[in-house]
Amino acid sequence: MDKYKQLGKNIKDIVSADPNLPIDGVVVSIEGDTCTVQLSDGFKVSDVRLKATTDGNDHLLIVPKIGSTVLMISTDTTIDNLTVIKCDQAEKITFNENGLTVKIDSTDGKVQIKNEETSLFDIMQDLATLLKQIKVYTPSGPSGIPLPDSMTAINEFETKFKMILK
């Protein structure tokens, strides 16, 4: 019996004995919304799903870090239906529902929050631009651009939000 058939038989035996028993392994590579996982016996399983649905929508996608431990389960007892149900280190998380998208990316340490109309980054950029150009009425007419200490504070604000938002 070749190793793929043996692995399939082993997984089927494990899952059919207890269909809620997860299988653990270590992520060795990421391929879009699937990954390759190495089991404790050294065997590598490819095409392990990272999301529960196969409808093409990424409602919730958690991408584990390569080298992290994951738990997988197969709802139909086949190796073709393994899905990651837990990981100990997530590299990226994407939530996408009703036009709202939230992405957390530990590779660059940034967060993206947006909907179909705008993003938090764009709103903050618009605010920084507005503050740099703000003018107010004074008894002697409209003021000029903000004073240098205000411009310094505005530039610091802009630098800080660009460090965490994308």
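Residues numbered from 1 in each chain as written. Predicted model: local features only at pLDDT ≥ 70, side-chain atom pairs only at ≥ 80, totals over all residues. Heavy atoms only, no water.

Undergrad: What exactly am I supposed to notice about unusual backbone geometry here?
TA: Although it is not a glycine, D47 sits at a positive phi angle of roughly 60 degrees. With respect to the element layout, D47 can be found in strand β3 (residues 44-49). Judged by relative accessible area, D47 falls into the exposed class, the value being 53%. Its identity as a non-glycine residue notwithstanding, N98 has a phi of 50 degrees, on the positive side. Tracing the chain through its elements places N98 in the loop between β7 (90-97) and β8 (100-105). (Helix = DSSP H or I, 4+ residues; strand = E, 2+ residues; numbered from the N terminus. Buried < 20%, exposed > 50% of the residue type's maximum accessible area, 1.4 Å probe, protein only.)

Undergrad: Hey, could you run me through the sheet that holds strand β9 (residues 110-114) in this one?
TA: Judged by pairing direction, the sheet is antiparallel, and its 4 strands sit side by side in the order β4-β7-β8-β9 without closing on themselves. Of all the strands in the sheet, just β4 (60-64) and β9 have a single pairing partner and so form its edges. Taking each pair of neighbouring strands and ignoring which way they run, the sheet shows an average axis angle of 5 degrees. Pairing of β7 with β8, which is carried by 6 bridges, proceeds in the antiparallel orientation. Residue pairing across strands places E97 opposite L100, the latter belonging to β8. (Pairing = 2+ DSSP bridges. Axes fitted to C-alpha atoms, helices over the stretch in contact; angles between N-to-C directions.)

Undergrad: It is not clear to me how the packing of aromatic side chains should be interpreted in this structure. Could you clarify?
TA: One pair of aromatic rings is described through two measures. These are the centre distance and the angle between the planes. Summed over all chains, the structure comprises 2 aromatic pairs. Between F121 and F161 the ring centres are 5.6 Å apart and the planes differ by 70 degrees, which places this aromatic pair in the edge-to-face class. Linking F121 in helix α2 (residues 120-133) with F161 in helix α3 (residues 148-164), this pair joins segments that are 40 residues apart in sequence. Relative accessible area serves as the criterion here: at 4%, F161 is assigned to the buried category. Both rings, one in F157 and one in F161, keep their centres 5.5 Å apart while their planes meet at 55 degrees; by these two values the pair is tilted. In this pair, F157 and F161 both sit in helix α3, 4 residues apart, roughly one turn of the helix. (Phe/Tyr/Trp six-rings, centres within 6.5 Å; stacked < 30°, edge-to-face > 60°.)

On their own, these measurements won't tell you what the molecule is for.
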